[in-house]
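Structural description and commentary
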Amino acid sequence: MLRELPPKVAHAFVMAVACEMTDNEVAATLNVSSRMVRKYVAQAMLCCMKLEDRLAAGQPETLPIAPASAPLATAS
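Summarised in this report is the structure supplied together with it. Being a predicted model, the structure only gives us computed values, none of them experimental.

Some words on the overall build of the chain
Counting its regular elements, the chain contains three helices and zero strands. Along the chain, helices and strands appear, N-terminal first, in the series α-α-α. In the chain, which comprises 76 residues, the share counted as buried stands at 25%. Considering only contacts within the chain whose residues lie at least 6 apart along the sequence, 50% involve residues at least 24 apart. Carbon and sulfur atoms provide 57% of the accessible area of the chain, an area that totals close to 5300 Å².

If you want it as structure tokens, here you go:
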């Protein structure tokens, strides 16, 4: 799943979730704002949720990924 994400999104997700780094620490490492880190992590989490739904429905693991510049969908 991580290979399907844009590199900065995947790196931000791993650093924030697996390495338990703060948004500011991740931002400094990736040379982006802490707000961008939150967007990257949200994009990766959305991808995880979509993958979980597809697997539950018996569909293949491969997911189309929106470019990092694309806005994230929000729940209404």
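So, next bit.
A look at helix α1 (residues 7-18)
The end-to-end C-alpha distance of α1, which contains 12 residues, comes to 16 Å, matching closely the 16 Å that a straight helix rising 1.5 Å per residue would cover. Where α1 is concerned, the buried positions are Val-9, Ala-10, Ala-12, Phe-13 and Met-15. Structurally, α1 contributes buried residues whose contacts are with α2 (23-30) and α3 (34-56). In the segment just after α1, Glu-20 is the residue with positive phi, at about 55°.

Let's talk about α2
Looking at α2, one finds that the buried residues are Val-26, Ala-27 and Leu-30. Mapping the buried residues of α2 onto a view down its axis gives an arc of 100°, with all of them on the same face. Turned more than 90 degrees from where α2 packs its buried face, Asn-24, Ala-28 and Thr-29 sit exposed. If you follow the buried residues of α2, they end up packed against α1 and α3. Downstream of α2 by one or two residues, Asn-31 has phi in the positive range, about 60°.

As for unusual backbone geometry
With phi around 55°, Glu-20 is a residue other than glycine that occupies positive phi space. Here Glu-20 lies in the loop between α1 and α2. At Asn-31, a position not held by glycine, the phi torsion is positive, near 60°. Of note, Asn-31 is situated in the loop between α2 and α3. Its relative accessible area of 70% is what places Asn-31 among the exposed residues.

What counts, and where the lines are drawn
Residues numbered from 1 in each chain as written. Predicted model: local features only at pLDDT ≥ 70, side-chain atom pairs only at ≥ 80, totals over all residues. Heavy atoms only, no water. Helix = DSSP H or I, 4+ residues; strand = E, 2+ residues; numbered from the N terminus. Buried < 20%, exposed > 50% of the residue type's maximum accessible area, 1.4 Å probe, protein only. Contact = heavy atoms within 4.5 Å. Areas by Shrake-Rupley, 256 points an atom, 1.4 Å probe, with all protein chains shown as cover. Expected span 1.5 Å × (residues − 1). Arc of directions from axis to C-beta.

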